[in-house]
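Inside the fold
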Amino acid sequence: MSRKFQCRAVPSSWLENNGRRLDCGPYMSGAIEAKELLKKIKTENLSALTSGYNGGIYNGPQFVRNYVDDPAYGVPFLTTSTMLQADMTNLPMISAKDAHSAKLSYLKVEEGMTLITCSGSIGRMAYARKDMADCWSNQDIMKVVADPNKISPGYLYAYLSSRFGVPIVISGTYGAIIQHIEPHHIADLPVPRLGEVENQAHELIQQAADLRTEASRIIAEQVEALELEIAGGPVVWEHTKPQSFSIETRIMRGFINRLDAFHYIGFVGEALEKARVPLVEISDHADALYPPFMKRIRVEEHGVEFLGGAEMLTLDQRSESHIASSTKNLKQFIVKEGYVLFQCDGQRYGIFGRPILANRNVIGKAVTQHMMRIIPYDNRDSGYIFTYLATGFGRRLLMRFSAGTSIPSLNEDGARNILIYWPNEQRRWSISQAAEQAWENRASATELEDQARSLVERTIEEGDS
């Protein structure tokens, strides 16, 4: 439901059929219209099509999160924001002992689950992929586990995330400040049975999930190989986080422009010490663009889609926000082919510095000024620059020139000074092609999910059974 002001008259029968609820949400979201249309189609209650813990529809209890750094003692931990991200390699870890306890063991994510945010921003969904298996989720993620003997999990996700499923899911929302839904609110949600269309939708969703998993695998392999090449062997980082405590000594000679320890030792200094290959400034091979601050004129239509830094890291890289086409300096905010982007303002332990290779999901869209644009002189090097910045060396040396304690920032001059390994063109372009393929996979996956939802929605509208 849009947060803009809305006004509507509804028949009293709607109130009678919805427990005499007087809050506007159920009546403005489109849920009732969806239910009326679904009455014309054979449906089954959601709870009759799920299986597993608590009947296959459940979230979790509140619990103390004991975070760990060592993978030997932890498991990856999903939150309502990270479950929507394309890359699962930067997840925090909670104690494996806690995760496998009787209290929390059922919060393990399995492939094929539909994950739904059930607190705060209600109704955002993700289909659990192979690279999400063996993660644990927090209490604000509701799981819907399809019974494979009754319904295909991909179809169930396609329906629940469609414009018919989402309104019904969020219609059970309660709470004025922090909104919630609980498993029993969606247990009787009507699920249409669409015959062969269910198998077709499932195949599309599963193909999308496999493409996303393959994309992550390609990137991880290229990053690992490049790190080995730079370090001359396996890399074991002593300082795993930007805020890791460190005490070292340095000779004062040459300390002309910077006196902050972060620039020289610990998280950053370790990268300089471990590099066994020559490093050059990225400005030798690319330029950096940091657009000026702009006044954002929000519009409902006839505008340009506008993405923030967090939205750039999501699966579909989409936003409901649009800015006016007349915005001053708009061209500087439009993403173009060949761009490599990363958040350059914010906390270093967050999304700061996580690179993105522009693909057809974002080319032509406007992106916040808080994202640095790295523009290679030769677009064939874009994928290589992305891959390098995704390595431990790239991430640390990118942050090296950031400044500020409360909200660190990296400006254009700092970005141009990033040190980068620059092998021969055959090696660079080989890595670039792999990176481009990975981001093409992610764009294709978004299109396949859209096709699956459109297929389901079109079939429901036509009244097929």
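For the structure itself, look to the data block above.
Described in the following lines is the structure provided in the data block. (Residues numbered from 1 in each chain as written. Predicted model: local features only at pLDDT ≥ 70, side-chain atom pairs only at ≥ 80, totals over all residues. Heavy atoms only, no water.)

**Examining the overall build of the protein**
Scanning the protein from terminus to terminus reveals 14 helices and 19 strands. Taking 2.2 N^0.38 as the reference for a compact globule, 465 residues should give roughly 23 Å; the C-alpha atoms of the protein span a radius of gyration of 24 Å, in line with that estimate. In terms of principal-axis extent, the alpha carbons of the protein reach across some 80 × 55 × 45 Å. Residues classed as buried in the protein amount to 53% of the 465 residues present. (Helix = DSSP H or I, 4+ residues; strand = E, 2+ residues; numbered from the N terminus. Rg over C-alpha atoms; globule rule 2.2 N^0.38 Å. Buried < 20%, exposed > 50% of the residue type's maximum accessible area, 1.4 Å probe, protein only.)

**Some remarks on the pairing of strand S6 (residues 114-117)**
Burial of S6 is two-sided: the residues Thr114 and Ile116 facing one way and the residues Leu115 and Thr117 facing the other way are all buried. Both S6 and strand S7 (residues 125-127) contribute to a ladder of three bridges, which runs antiparallel. Counterpart to Leu115 in the pairing with S7 is Ala126. Summarising the sheet, S6 and strand S9 (residues 141-144) pair through four bridges and their orientation is antiparallel. Note on S9: the bridge partner recorded for Ile116 is Met142. (Pairing = 2+ DSSP bridges.)

**So, the sheet that holds strand S4 (residues 74-78)**
A sheet is described by the order of its strands in space; here four strands give the open sequence S3-S5-S4-S8, paired in mixed fashion. In this open sheet, the two strands that pair with only one neighbour each are strand S3 (67-68) and strand S8 (136-137). Taken together, the three bridges between S4 and strand S5 (residues 93-95) define a ladder with antiparallel strand orientation. Residue Pro76 lies in a different strand from S5, and its bridge partner there is Met93.

**Let's talk about the sheet that holds strand S14 (residues 322-324)**
Strand order in this open sheet of three strands is S14-S13-S17, and the pairing throughout is mixed. Looking at strand neighbours, the two that pair on one side only are S14 and strand S17 (366-367), the edges of this open sheet. For strand S13 (residues 303-307) and S14, the ladder comprises three bridges, and the chain directions are antiparallel. Bridge pairing in S14 links Gly303 to Ala324.

**Structural notes on helix H12 (residues 392-399)**
Extensive coverage of H12 is indicated by the burial of seven of its eight residues. Considered for burial, the residues of H12 that qualify are Gly392, Phe393, Gly394, Arg396, Leu397, Leu398 and Met399. Buried residues belonging to H12 abut helix H8 (196-231), helix H9 (266-274), strand S11 (279-281), strand S15 (340-343), helix H11 (382-390) and strand S19 (419-421). (Contact = heavy atoms within 4.5 Å.)

**Things to note about the pattern of salt bridges**
Here the idea is simple: oppositely charged side chains can pair when their charged atoms come close. In total, this model carries 23 salt bridges according to the counting rule given. Taking the shortest distance from any N to any O, the salt bridge between Glu221 and Arg217 comes out at 2.6 Å. Pair noted here: Glu221 and Arg217 are both in helix H8, with a separation of four residues, about one helical turn. Residue classification places Glu221 among the partly exposed residues on the basis of a relative accessible area of 43%. With a shortest N-O distance of 2.5 Å, Arg360 and Glu440 are connected by a salt bridge. Of this pair, Arg360 sits in the loop between strand S16 (356-357) and S17 while Glu440 sits in helix H14 (residues 425-462), placing them 80 residues apart in sequence. Taken together, the shared-partner salt bridges in this structure form one network comprising Arg212, Arg318, Glu449, Asp450 and Arg453. (Salt bridge = Lys/Arg side-chain N within 4 Å of Asp/Glu carboxyl O.)

**Description of the nonpolar core**
The biggest cluster of nonpolar side chains holds 59 residues, and the ones touching the most others in it are Phe342, Ile374, Ile385, Tyr388 and Leu410. For this core, the element with the most residues is H8, which contributes seven residues. Other than its neighbours up to four places away in sequence, Phe342 contacts Gly353, Arg354, Pro355, His370, Met371, Met372, Ile374, Leu389, Leu398, Leu410 and Ile418. (Core = buried A, V, L, I, M, F, W, Y, C linked by side-chain atoms within 4.5 Å.)

**Topic: unusual backbone geometry**
With a phi angle near 75 degrees, Asp134 is a residue other than glycine that sits in the positive phi range. Residue position: Asp134 is located in the loop between S7 and S8. Within the chain, Asn329 stands out as a residue other than glycine whose phi angle is a positive 60 degrees. Turning to its location among the elements, Asn329 is positioned in the loop between S14 and S15.

**Quick word on the environment of Gly233**
Among the secondary structure elements, Gly233 is positioned in the loop between H8 and H9. Distance in space between the C-alpha atoms of Gly233 and Lys274 is 9.8 Å, their sequence separation being 41 residues. Those residues in contact with Gly233 that lie beyond four places of it in its chain are Glu227 and Leu228.

**Things to note about helix H5 (residues 153-160)**
In an α-helix, one turn spans 3.6 residues, which is why side chains three or four residues apart end up on the same side. Where burial is concerned, most of H5 is hidden: seven out of the eight residues are buried. Within H5, the full set of buried residues consists of Gly154, Tyr155, Leu156, Tyr157, Ala158, Tyr159 and Leu160.

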